[in-house]
Structures are given as C-alpha cells and as structure tokens.
Amino acid sequence: MNQHVAAVEERDLAEEFLDRSTPLGTVRNLLHRYPAISPAIVLVVAVAVFGGLNERFLEPSNLSLVSQQVAVVGTLALAQTLIILTAGIDLSVGAVMVLGSMVVAQTTVQNGVPAPIGLALGLAVGLGAGALNGFLVTRLKLPPFIVTLGSLNVFLALTLLYSGGATVRGGDMPALLTLTGETFTVGGVNVTIGVVMMLVLYVALALILQGTAWGRHVYAAGDDPEAARLAGIRVQRVLASVYLAAGAILAVAAWIQIGRSNAASPNTGVDLNLDSITAVVIGGTSLFGGRGTVWGTLLGALIVGVFRNGLSLVGVDVLWQTFAVGVLIIAAVSIDQWIRKART
Amino acid sequence: MTTDSTGSGEPILQATGLVKTFGRVVGLDGVDLELYPGEVLAVIGDNGAGKSTLIKCLTGAEVPDEGAIRLEGRRVQFKRPQDARAHGIETVYQTLAVSPALDVAANLFLGRELRKPGPLGSVLRVIDKKRMRQRAREELAELGITTLQDVTVPVENLSGGQRQAVAVARAAAFGSKVVVLDEPTAALGVRESQQVLEMIASLRDRGVPVILISHNMPQVFEVADRIHIQRLGKRAATITPQSHSMTDAVAIMTGAVQEDVH
C-alpha cells in the first residue's frame, strides 16, 4: 500500500514537471488554440512594411488591384481548405475552374445558350468534377494526391479539346457572365462584384463549418477518421460531400475568373492550384487535417497577394517574389509542425 | 450457474450459445453470458480465450455464426456497431475514440448533435452549442466526473485519464442501457485508473449495467460484482470477488482448476 501512495506522489511530481510552462510554450499554446494569429501578424507587418517602402502601396487604386488579384485565388483556396481539412489535397482546383469557365463561355457565346443556363452548366461541371474526385477517393480508396494529379491532367486535356485552345473574349459574352468584374466604390476603393462574392462564400462556409453538425463532422473526419467512424459518423459520405461542395465553390471561382480577366481562356489559371494550397497552408490549416479555419485561408490568400504586389511595387524581380512565397510556405509548415507539439 | 449470487431478476443483456469461427479458427465455441441490471460484469481470460470476439459480437462489430443475443428479453441482431448503439449498447474502445481537435462538449455529442429550435435548426440545420455545453456539464456532474471542469477545452489538451472520462461519459450519457468498456485503464497511470474505476462504480450506482473487459486482476476484483471467465472460446465459470480469490480466478483462466458452470 505504501508503494501505491509513493507512485501517486511520483505521478504528481511528473505532472508538475510537464505543466511547467515557459514563455515560448505559452506562445505555442496560444497559436495552437488560435492558428490564425500568426498569418494575421504576418499580414499586418507586411502591409506596414510595404506601405512604408512605397506610398503607392496603400493608395485605393492599388488596394483595389490587390483585392481583385486575391478574389480568384481566394475562392479556389476556400475549396482547397475544405479538402485539406479532411487531410486530403486537391491539385485539380485550377483545372476544374478553367474547364468550368470555358463551358460557361462557349455554351453561351457559340451555342447561344441563355447566360443563366450557361452558368448552371458551369456549376454542373464543378459538381461533376467534385463527384468524380470524391468517388475515386471514397469508393476506390485512392490517395487524394494521386486522384487529383490524374484528374488535373484529364480536366486540362478536356479543356483544350473542348475549346480548341481558343480564348473567348468578354466583350462577346452576355453581361451576366462578366458581372463579377463590375465595380462599385467603397471609401474610394473600387470593389468588384467578384470580390464580394468571394467574401459571401467565406462567411457562408465559416457559418456552416462552425454552426452545423456537418461542419463538425468534416473536422472530426479529418482529425481522426477511425474515431469519427466509431462515433457513428459516416466518414466516407462526409468526404464525398466535401468534394462535391468544393466543386460547387470552384464553379463560382470560374465565374469570378471570367469577370476578373474579362475573358475565358483555356491557358490562364491552371497553375493556381499551387497558389491555393499556398494560401491554405500559410493560413494555418494543417495538411494533416482537422485543424484550421477559412479565415486563416483568407489571410493566407491576402498575404500572397500583398507580397506579390508589394514586392513588385518596390521593384523586386518577379523571380524573387516567387522565392519569397516559397520561403513563406516552408515557414508556415514549420510553424504548424511546432504548434502541433503543443500541450496545455 | 453455481456461483451466481448478485444477479437478480431477468438479465438485461443475454447471449446464448454464441459461435464465431474465422476460417478454421474457432473464436467462440458456444458462449453464454448474462448481464443483470445494475451490476458490473467483468470479462477476463487469457489471450485468445475469445474475450474480444465475445465483446465484438455483443456490440455489433462482429456477427456471430450461431447463437442468440437478447436485450431486455427481446431477440436482437446487430450487423454493425451503429445497430447496437441504436439499441442503447454503448462501447468505449481501447483506442480512445475521441476527436482530438474538438472540445469536450462537441465530442460528447459527436454524431448526434442537438439542433436549434425552430426553422434555424430544422431548415438551416444550425447546431445549438449553448444547449450542448449545458447538457454536457449536467451529464458530467451527474456521472460524478469532476476532472472535466471546462467543456470547451479541446480534448487533445486533456490528460489520458480525462480523455477516458470523456469517452466513458459519452457512452454513459443519453440514456444508454448497457455500457461496454474494453480495457479502459490499459494506457493509464495509477491515479487515472482509479478515477476510471470510480466512474464505473458511479455508472452502476446510476443503474447502468457495465461490462468491463480487463487484464488487471486487482482492478477487476475491486469493481466487479461478478466475473465471467473466458477460456478456449467458452465460459469457464462465472464467479464473484467474494466467492473466489484472484488465485482461484487465474487457476480457472489457465485451466488448472475445472469449475462446474452448468
């Protein structure tokens, strides 16, 4: 019995030892609880530095430009966030968006389909692509990386075959398709409808993820699929629904992209898949799933936009801009790894 | 059954003649088991004696080849764990089935979230976090779990014992009829194990019968009302801590002593 008591006391000492906190540990626990803090700090510092280096950076016209640059990547990154929350990854987001935008543009301009139906066909493309990716991931149990690497090439080829490599100009399209590029002014800053649509999507998805059972199940399925299954969640169904939802978001991204470039081109935006992953990762969402917020992703997309825009305003070579984004990614993933070791 | 003493009335959960084979390997060779209301029934046995298979059959993780399972006198058939859960049999698995990043309340309600009243809940399917937290606090207090003060803490910030408390609380909450605990203290320290044993006792005091699978003889003898000893795919005996010593139990488990069960 004495031995038993001694063991309990020893345990107390051990716990005390583990609970001993250092200032660095406190920071880590804080970041662990609110992973969006670090990208928020980076964004504020970046804006302050670029604003100090070049007075044109904070001018309304430039801020408007940054917001428009962020609209497309930000929307793609929103879809990417959903998928990365389930510990997956989607390399095909850019290709799906481009295929969607070509279908919308071609059916309306060349086949004379009414604009709303053209947009609905674009939505069908997004949902179809999501259904395909989701089917391959949940039914054939293939790794998402491989599935979407494959579907990236399939959608890319389909886009070029379907469009014949030709760009459809915005001037030839019905006004509804280029509506997302129309601007209105808020406090001297020109804001496009596309930017507003992106923000509406962010608010909607944030509410859904935090406020519905489905949202919780997405986190649970990404966090520990086996635990989620044992809790009675149909994990494969949740995953399939995530790919479908992402596909729907990509269809909206296609619309925003048409307005942003005032054209539908089979060659622009395919490589945005990597930028979307960058935004998600910089925004503090863990590639291991179950951890992260859409607001972190928005911050991540803004950071990438601010870096690219700010560095070019200061006159830094475009190659060094890419270099800087690369450093940001590695730093963000390192911080994620460090945070994951946190313990309260 | 010669040594049954505390069981009274009709068994709430009863298995008769369960047989389960895996190819040529016989996992269960005609097992009987009875769980009575308000008791803690421990299931012990050597490795390969059929403990896990028996429990899996009772909780729907395996489907027995032969035999019958009755819950409150009625014949039931479980094809998957959800079926058993729907009938009120909750299982706490050895691998703590909790979602680390979600908080305590979210874990308690995982897979059966409460929705807000009115169209907000029924149409927009918005969950009622406030009510879930409130109910979570009530359930924990009722179970006598004092180690979880804050239900908004992510589970990953909890100790092993606290996580086990979350898992047990989830199984015991919401009016379940039977709680099955598979090696609940295997990964825990001395003090945390003690907390789990206290939780098991308080479950019994609330009238929830518990099946406890464990390797730990002192713990089994401390908390169990009756002990089902499994050997070579069959029930070797059902004993009580009062009628037999740990040495006797080990002797029956290993076949050194033959106990007359029928």
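In this convention, every chain numbers its residues from 1, walking through the sequence in written order. Each chain is given a letter, starting from A, and each ligand a number, starting from 1, according to the order in which they appear as written. The predicted nature of this model means local features are confined to residues of pLDDT at least 70 and side-chain atom pairs, given and counted, to a pLDDT of 80 or more, with totals for whole chains, interfaces and linings taken over all residues.

Some points on the UniProt feature "transmembrane region" (unreviewed entry) in chain A
- UniProt positions are given in the numbering used here, feature names are shortened, and annotations may be inferred rather than shown by experiment. Per the UniProt entry, the sites bearing "transmembrane region" (unreviewed entry) are residues 36-58, 70-97, 117-138, 145-164, 184-209, 238-258 and 318-339 of chain A in this numbering.
- Labels follow the DSSP assignment, with helices taken as runs of H or I lasting at least four residues and strands as runs of E lasting at least two, numbered in each case from the N terminus. Between the C-alpha atoms that bound residues 318-339 of chain A the distance is 32 Å, and the span itself is 100% helix and 0% strand.

Some details on the interface of chain A and chain B
- Chain A puts 22 residues into the contact, and the matching count from chain B is 21 residues.
- Three categories are distinguished: nonpolar for Ala, Val, Leu, Ile, Met, Phe, Trp, Tyr, Cys and Pro, charged for Asp, Glu, Lys and Arg, and polar for the others, with Gly belonging to the last. The class makeup of the residues in the side of chain A that touches chain B is 10 nonpolar, 6 polar and 6 charged. Throughout, a pair of residues is in contact if the C-beta atoms placed from their backbones lie within 7 Å.

Some words on the pairing of strand β2 (residues 183-186) of chain A
Residues and elements named next belong to chain A.
- Two strands are counted as paired when DSSP detects at least two bridges linking them. In terms of strand pairing, β2 meets strand β3 (residues 189-192) through 4 bridges, oriented antiparallel. The residue bridging Phe 184 from the neighbouring strand is Val 191, located in β3.
- The antiparallel pairing of β2 with β3 creates a hairpin that spans 2 residues between the two strands, and Gly 187 there sits at a positive phi of about 55°.

A look at the sheet that holds strand β8 (residues 210-213) of chain B
All names here are of chain B.
- Spatial strand order, β6-β7-β8-β3-β9-β10: 6 strands in an open sheet with mixed pairing. Of all strands in the sheet, those bounded by a partner on one side alone are β6 (89-92) and β10 (234-239). Here the strands of the sheet are splayed against their neighbours by 20° on average, with no regard to which way each runs.
- The pairing of strand β7 (residues 178-182) with β8 spans 4 bridges and is parallel. Bridged to Val 179 within β8 is Val 210.
- Note on method: axes are straight lines fitted to C-alpha atoms, helices fitted across the in-contact stretch only, with angles between N-to-C directions ranging 0 to 180 degrees. Sitting on the sheet, helix α7 (residues 190-205) is in contact with β3 (40-45), β7 and β8, with an inclination near 155° to β8.

Comments concerning the pairing of strand β2 (residues 25-35) of chain B
All names here are of chain B.
- In this structure, strand β1 (residues 13-22) lies alongside β2, joined through 8 bridges in antiparallel fashion. Across the sheet, Leu 18 pairs through a bridge with Val 31, a residue of β2.
- Counted between consecutive antiparallel strands, the loop separating β1 from β2 contains 2 residues, among which Gly 23 sits at a positive phi close to 65°.

So, helix α8 (residues 193-211) of chain A
All names here are of chain A.
- For α8, which comprises 19 residues, the first-to-last C-alpha distance of 26 Å matches the rise-based estimate of 27 Å (1.5 Å per residue) to within 8%.
- Here exposure depends only on C-beta density: within 10 Å of a residue's C-beta, 20 or more other C-beta atoms make it buried, 12 or fewer make it exposed, and intermediate numbers make it partly exposed, the C-beta atoms being placed from the backbone. Listing the buried residues of α8 in full gives Gly 194, Val 195, Met 198, Leu 201, Tyr 202 and Leu 205. Seen along its axis, α8 keeps its buried residues to an arc of 120°; they face one direction. Relative to its buried face, α8 has exposed residues pointing more than 90 degrees away, namely Val 200 and Val 203.
- In this structure, the buried side of α8 is in contact with α4 (60-85), β3, α11 (235-261) and α13 (294-313). A helix is expected to span 1.5 Å for every residue after the first. The arc in question is the one spanned by the directions pointing from the helix axis to the C-beta atoms.

Structural notes on the packing of α4(A) against helix α12 (residues 272-282) of chain A
Residue and element names in this part refer to chain A.
- Between α4 and α12, whose axes approach to 8 Å, the crossing angle comes to 65°. By the criterion of interaxial angle, the relationship of α4 to α12 is roughly perpendicular. Seen along the crossing, α4 lies across α12 with a hand that is right-handed. Residues Val 72, Val 73, Gly 74, Leu 76, Ala 77, Gln 80, Thr 81 and Ile 84 of α4 touch α12, and the partners they reach there are Leu 272, Asp 275, Ser 276, Ile 277, Ala 279 and Val 280.
- Grouping the amino acids of the contact of α4 with α12 by side-chain chemistry returns 9 nonpolar, 4 polar and 1 charged. Orientation is classified from the angle alone, with under 35 degrees giving roughly parallel, over 145 giving roughly antiparallel, 65 to 115 giving roughly perpendicular, and any other angle giving oblique. Throughout, a crossing is termed right-handed when the near helix is turned clockwise from the far one, and left-handed when it is turned anticlockwise from it by less than a right angle.

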